[in-house]
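# Survey of secondary and tertiary structure
Given next are the chains, with one letter for each unit.
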Amino acid sequence: MRQSLEPTRDPGDYQFAHRIRTRFAETDAMGIVHHAAYLPYLEEARVAYLRQLGHPYEEVRRDGFNFAVLEVAVRYRRPLQFDELVDVRLRAGAVSRASFQLAYLLTVGDDVRATAVTVHGCVDPSGKAMRLPAWVGEIFSIPPGADSGSIQSAP
């Protein structure tokens, strides 16, 4: 296991937040969001974060880099329900030459619903490991609590 970043439950520790509304198609008969639906929420927030930083993922890929998910861990604290507005906060950390980690905090209002960590490895278009672009180490070294973006709502 490569994961070393520990997600906190303090929203002030996160650099960015992206707002998502839960959809009916993601729920069971009781209106509870299925656990697998959380992974696309993390991905949507991650892509929005890169866009906010001036590095849209399409541009990253065009430059010959891919950030493959190597590991993901989610701790479900309270269920999400249909039609809730979820703030998916994230912060970067644990950057190495070829990988980085992101910690996530999912909240509805002030209520913590889940925490998560994703570990990403940089690979070329053929899937071969490679060094991260230099900007990743520079930007992802922002200390926890530093503000690099306000809440961004999904279009």
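Residues numbered from 1 in each chain as written. Predicted model: local features only at pLDDT ≥ 70, side-chain atom pairs only at ≥ 80, totals over all residues. Heavy atoms only, no water.

Right, let's get into the overall build of the protein. Along the protein, the regular secondary structure elements total 3 helices and 6 strands. Start at the N end of the protein and walk to the C end: the helices and strands fall as β-α-α-β-β-β-β-α-β. Compactness check: the protein gives a C-alpha radius of gyration of 15 Å against a globular reference of 15 Å for 155 residues, within 12% of the reference. Taken over the C-alpha atoms alone, the protein extends approximately 45 × 35 × 35 Å along its principal axes. Looking at the protein residue by residue over its 155 residues, the buried ones come to 45%. In the protein, 73% of the contacts between residues at least 6 apart in sequence involve partners at least 24 apart. The positive charge centre, built from 18 side chains, and the negative charge centre, built from 19, are 4 Å apart in the protein. (Helix = DSSP H or I, 4+ residues; strand = E, 2+ residues; numbered from the N terminus. Rg over C-alpha atoms; globule rule 2.2 N^0.38 Å. Buried < 20%, exposed > 50% of the residue type's maximum accessible area, 1.4 Å probe, protein only. Contact = heavy atoms within 4.5 Å. Lys, Arg positive; Asp, Glu negative; His and termini not counted. Charge placed at Lys NZ, Arg CZ, Asp CG, Glu CD.)

With 90% of its residues at a pLDDT of 70 or more, the protein shows a mean pLDDT of 90. Low pLDDT, under 50, characterises residues 144-151; the stretch is placed with 21 contacts to residues that sit more than four places away or in other chains. (pLDDT = per-residue confidence, 0-100.)

Right, let's get into the pattern of salt bridges. Enumeration according to the criterion identifies 8 salt bridges in this entry. Ionic pairing is found between Arg19 and Asp87, a salt bridge with its closest N-O pair at 2.7 Å. Within this pair, whereas Arg19 is found in strand β1 (residues 16-21), its partner Asp87 is found in strand β3 (residues 85-93), the two being separated by 68 residues in sequence. Taking the relative accessible area as the measure of exposure, Arg19 reaches 27% and is therefore partly exposed. The buried category is assigned to Asp87, whose relative accessible area is 6%. In this structure, Arg21 engages Asp83 in a salt bridge whose closest nitrogen and oxygen atoms are separated by 3.2 Å. In this pair, Arg21 is assigned in strand β1 and Asp83 in the loop between β2 (66-76) and β3, connecting sequence segments 62 residues apart. (Salt bridge = Lys/Arg side-chain N within 4 Å of Asp/Glu carboxyl O.)

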